[in-house]
Amino acid sequence: MELVQKNKCFDGEQRVYQINSKFLKNPTKFSVFLPSQALEGQKCIALYYLAGLTCTEETFVIKAHAQRLAAQLGIILIAPDTSPRGDDVAVGDSWDIGQGAGFYLNATQAPWAEHYQMESYLIQELYPLVLTSFPVQDDGIGIFGHSMGGHGTLTLAWKYPDLFKSVSAFAPICAPSICPWGEKAFSAYLGEDRELWKAHDANELVKAKGALYHEVLIDQGVADQFYAQLNPALFAESCKAVGQKLTLREHEGYDHGYFFIQSFIDDHLQFHALQLQN
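Since the structure is predicted, the reported quantities are computational estimates derived from the model, not experimental observations. (Residues numbered from 1 in each chain as written. Predicted model: local features only at pLDDT ≥ 70, side-chain atom pairs only at ≥ 80, totals over all residues. Heavy atoms only, no water.)

Once that is clear, we can look at empty space enclosed by the protein. Taken as a whole and assessed by the stated rule, the structure comprises one cavity of 30 Å³ or more. Within this model, the largest cavity holds a volume of roughly 40 Å³. Around the largest cavity, the lining residues are Y48, L50, L122, I123, Y127, I143, L156 and F164. Elements supplying a minimum of two residues to the lining of the largest cavity: strand 4 (44-50) and helix 4 (118-133). For the lining of the largest cavity, the element with the most residues is helix 4, which contributes three residues. A class-by-class count of the residues in the lining of the largest cavity yields eight nonpolar, no polar and no charged. (1 Å grid on protein atoms, 1.4 Å probe; cavity = no way out; pocket = protein on both sides within 12 Å on 5 of 7 lines; lining within 4 Å. Points joined across faces, edges and corners; volume = space filled by probe spheres on them. Helix = DSSP H or I, 4+ residues; strand = E, 2+ residues; numbered from the N terminus. Nonpolar A, V, L, I, M, F, W, Y, C, P; charged D, E, K, R; others polar.)

Structure (structure tokens):
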């Protein structure tokens, strides 16, 4: 694990690390914000943030403005890149497939399967690395994300409830099997068998596995230019059917971007702090 960058931030440190990933088969970067409590060796709760299409490990830490409150609450923030990178990594024919668009799953189809193993990287490689490298509180890890990263957040939360104890999202792709972004990505990465897609669809996972969390928080902008692709109402119906408590807040005038995330990031950090500390 190579420290690439370190900056003091609200008496903590914002860092970027690079590792040679055995699953992505290339170097990959992730960012970590360590509050002062962590720098002093105190065990802290931690949140993984999964970013959306076209983003990198830097997007959240620069645009979301989360460090101030994270420093006060003593939260470690981890933000991985959104896909494998490198000259030998397959590139898509548009911005919503390929590099910058890994969809947080393990691809099974050529040419993507060689490097696009994001689920295994996050769960089997990055997660244990964080546990051994930073002072993370036992049973104190949550996950949240935005858009494509909201999709990854919900699916990984329902696949690995033993690893993640709290979950929230901004404008997540709730039912990727029935929206253009998801259909394009799943066809490319997983093939045309739609039954296989269900294992990577949050709406289907909730229906299959039931209620797993005390509460889930989702914020959604009503003026989101991609609203038709996100299906928050469908996800809410599925949660209600299985008894999963969901707080879905829809906000007039807010779009899909990071000004929206900035406006409600404090609510999400406080939500996770309450879930994880209790």
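A few words on the layout of surface pockets. Each pocket or cavity is described by its volume, and for the largest pocket that value is around 240 Å³. Considering the residues around the largest pocket, the lining is formed by 15 residues, among which L53, T54, C55, H146 and Y258 are closest to the centre. The element best represented in the lining of the largest pocket is helix 2 (residues 59-63), accounting for three residues. Residues belonging to the lining of the largest pocket are distributed by class as follows: seven nonpolar, seven polar and one charged.

Our next topic: the side chain of T59. With respect to the helices and strands, the residue T59 is situated in helix 2. Looking at T59, the relative accessible area reads 14%, which means it is buried. Sequence-distant contacts of T59, defined by excluding residues within four places in its chain, comprise A64 and Y258. (Buried < 20%, exposed > 50% of the residue type's maximum accessible area, 1.4 Å probe, protein only. Contact = heavy atoms within 4.5 Å.)

This paragraph deals with the packing of aromatic side chains. Working definition: an aromatic ring pair is given by the centre-to-centre distance plus the angle between the planes. A full pass over the atoms with the stated rule returns 21 aromatic pairs. Considering the side-chain rings of F170 and F260, the 5.9 Å spacing of their centres and the 90° angle between planes classify their relative orientation as edge-to-face. Of this pair, F170 sits in strand 7 (residues 167-170) while F260 sits in helix 11 (residues 258-277), and the two are 90 residues apart along the sequence. Summarising the burial analysis for this pair, F170 and F260 share the class buried. Aromatic ring contacts, followed pair by pair, group F170, Y254, F260 and F264 into a single cluster. (Phe/Tyr/Trp six-rings, centres within 6.5 Å; stacked < 30°, edge-to-face > 60°.)

With that out of the way, let us pick up helix 5 (residues 148-159). Given a rise of 1.5 Å per residue, twelve residues ought to cover 16 Å, and the 16 Å separating the end C-alpha atoms of helix 5 matches this to within 8%. Burial analysis of helix 5 places twelve of its twelve residues in the buried class, the great majority of the element. All of the buried residues along helix 5 are M148, G149, G150, H151, G152, T153, L154, T155, L156, A157, W158 and K159. (Expected span 1.5 Å × (residues − 1).)

The next subject is the pattern of salt bridges. According to the stated counting rule, one finds twelve salt bridges in the structure shown. Taking the shortest distance from any N to any O, the salt bridge between R194 and E183 comes out at 3.3 Å. You can see R194 sitting in helix 7 (residues 194-197) and its partner E183 sitting in helix 6 (residues 180-190), a full eleven residues away along the chain. K198 serves as the salt-bridge partner of E195, at 3.1 Å between the closest nitrogen and oxygen. (Salt bridge = Lys/Arg side-chain N within 4 Å of Asp/Glu carboxyl O.)

The next subject is the packing of helix 8 (residues 202-209) against helix 10 (residues 232-242). Taken N-terminus to C-terminus, the directions of helix 8 and helix 10 make an angle of 5°; their axes are 9 Å apart at the nearest point. In terms of orientation, helix 8 lies roughly parallel with respect to helix 10. On the side of helix 8, the interface is formed by A202, N203, V206 and K207, while helix 10 contributes L234, F235, S238, C239 and V242. Residue composition of the contact of helix 8 with helix 10, by class: six nonpolar, two polar and one charged. (Axes fitted to C-alpha atoms, helices over the stretch in contact; angles between N-to-C directions. Parallel < 35°, antiparallel > 145°, perpendicular 65-115°, else oblique.)

Let us look at the pairing of strand 5 (residues 75-80). Among the six residues that make up strand 5, six are buried, leaving the element largely enclosed by the rest of the structure. Neither face of strand 5 is exposed, since I75, L77 and A79 on one face and I76, I78 and P80 on the opposite face are all buried. The pairing of strand 3 (residues 26-34) with strand 5 spans four bridges and is classified as antiparallel. Across the sheet, S31 pairs through a bridge with A79, a residue of strand 5. Note that strand 4 and strand 5 share four bridges and pair parallel. (Pairing = 2+ DSSP bridges.)

The subject of this paragraph is the environment of Q229. With respect to the helices and strands, Q229 occurs in helix 9 (residues 227-230). By relative accessible area, which is 13% here, Q229 ends up buried. Along the primary structure Q229 and P172 are separated by 57 residues, whereas in three dimensions their C-alpha atoms are 9.4 Å apart. Those residues in contact with Q229 that sit more than four places away from it in its chain are I173, C179, P180 and W181.

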